[in-house]
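Read off the chains here:
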Amino acid sequence: MMAATPAQMRLIADKLDAMAGDLKGEMARSLAYHGARIERDAKVLTPVDTGALMGANQYRVEIAPDGAVLTVANRMVYAHYQHANKLNHRNKPTARDHYIEIPFEAEIPRITADIRDIIIKEATE
């Protein structure tokens, strides 16, 4: 059995840190792509009266200590009410309640597949 020197251990630790940073960056880029898709699909489903609600859908990707986080939300004060409740007025034919949740859930399999591919790619390089 061969023991590693402190210099070799530091080199290994540095390489692992770099790999973790690369992994977070790749995950963040993938989540930004999927966030844009979710935002686009949610726009079609968002109820419209003045257009303010539809224009307030947004996504954000943050790099966290243990990975990346995707948030898709609507910044209007009344967005939660519109999202959680059945539509009770005339609207465009595609409008739905849960207008963010529906495209987000539809995108989860693609997000999962992309993250799996990123992890496999990083592990095999």
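Further up the page is the structure itself.
Quick summary incoming for the structure in this document. Not measured: the values here are computed from a predicted model.

A word on the overall build of the protein chain. From N to C terminus, the protein chain includes 4 helices and 2 strands. Its helices and strands taken in sequence order, the protein chain reads α-α-β-β-α-α from the N to the C terminus. Computed over C-alpha atoms, the radius of gyration of the protein chain comes to 21 Å, more than 25% over the 14 Å expected from 2.2 N^0.38 for 125 residues, which places it beyond the range of a compact globule. Taken over the C-alpha atoms alone, the protein chain extends approximately 75 × 25 × 20 Å along its principal axes. For the protein chain, the proportion of its 125 residues judged to be buried stands at 27%. Within the protein chain, contacts between residues separated by at least 24 positions form 61% of all contacts whose residues are at least 6 apart in sequence. When the accessible surface of the protein chain is split by element, carbon and sulfur atoms take 60% of a total near 8,500 Å². With 16 positive and 17 negative side-chain charges, the protein chain shows a spacing of 5 Å between the two charge centroids.

When a protein is soluble and globular, its nonpolar side chains tend to lie buried together. By size, the foremost hydrophobic cluster in this structure holds 15 residues, and its most contacted members are L70 and Y99. When contributions to this core are tallied by element, the ones reaching two or more residues are α1 (6-45), β2 (67-74) and α4 (101-124). It is α1 that provides the largest number of residues to this core, a total of 6 residues. If we skip the residues at most four places from it in the chain, Y99 touches A42, L45, T46, P47, L53, N57, N74, A79, Q82 and H83.

Let us now look at the pattern of salt bridges. Under the criterion given, the structure shown has 7 salt bridges. Between R37 and E107 there is a salt bridge whose closest N-O contact spans 2.8 Å. With R37 in helix α1 and E107 in helix α4, the pair connects residues that are 70 residues apart, well separated along the chain. On the basis of relative accessibility, which here comes to 19%, the residue R37 falls in the buried class.

Attention now moves to the pairing of strand β1 (residues 57-64). As judged from the 8 bridges shared by β1 and β2, these two strands associate in the antiparallel manner. The partner of R60 across the bridge, within β2, is T71. Hairpin connection between β1 and β2: a loop of 2 residues separates the two successive antiparallel strands.

Definitions and limits used
Note on numbering: residues in each chain are counted from 1, in written sequence order. Local features in this predicted model are restricted to residues of pLDDT 70 or higher, and side-chain atom pairs are both shown and tallied only at a pLDDT of 80 or more, whereas totals for entire chains, interfaces and linings draw on every residue. Think of the side-chain values as coming from all heavy atoms in the structure, minus any hydrogens and water. Numbering of helices and strands starts at the N terminus; helices are DSSP runs of H or I of at least 4 residues and strands are runs of E of at least 2. Here the globule rule is a power law, 2.2 Å times the number of residues to the power 0.38, and the radius of gyration is based on C-alpha atoms. Classification of residues uses two cut-offs on accessible area relative to the type maximum, computed with a 1.4 Å probe and protein chains only: under 20% is buried, over 50% is exposed, and between them is partly exposed. We call two residues in contact whenever any of their non-hydrogen atoms come within 4.5 Å of each other. Here the Shrake-Rupley method, with its probe set to 1.4 Å, supplies the accessible areas, and only the displayed protein chains count as covering residues. Charge convention: Lys and Arg are scored as positive, Asp and Glu as negative, and His as well as the terminal groups of each chain are ignored. A charged residue contributes its charge at one atom only: NZ of Lys, CZ of Arg, CG of Asp or CD of Glu. Joining through side-chain atoms within 4.5 Å is the link that ties buried Ala, Val, Leu, Ile, Met, Phe, Trp, Tyr and Cys residues into a set, and such a set is a nonpolar core. The rule for a salt bridge is simple: a side-chain nitrogen of Lys or Arg has to be within 4 Å of a carboxyl oxygen of Asp or Glu. A pair of strands is considered paired only if DSSP assigns at least 2 bridges between the two.

Geometry only, nothing functional implied.
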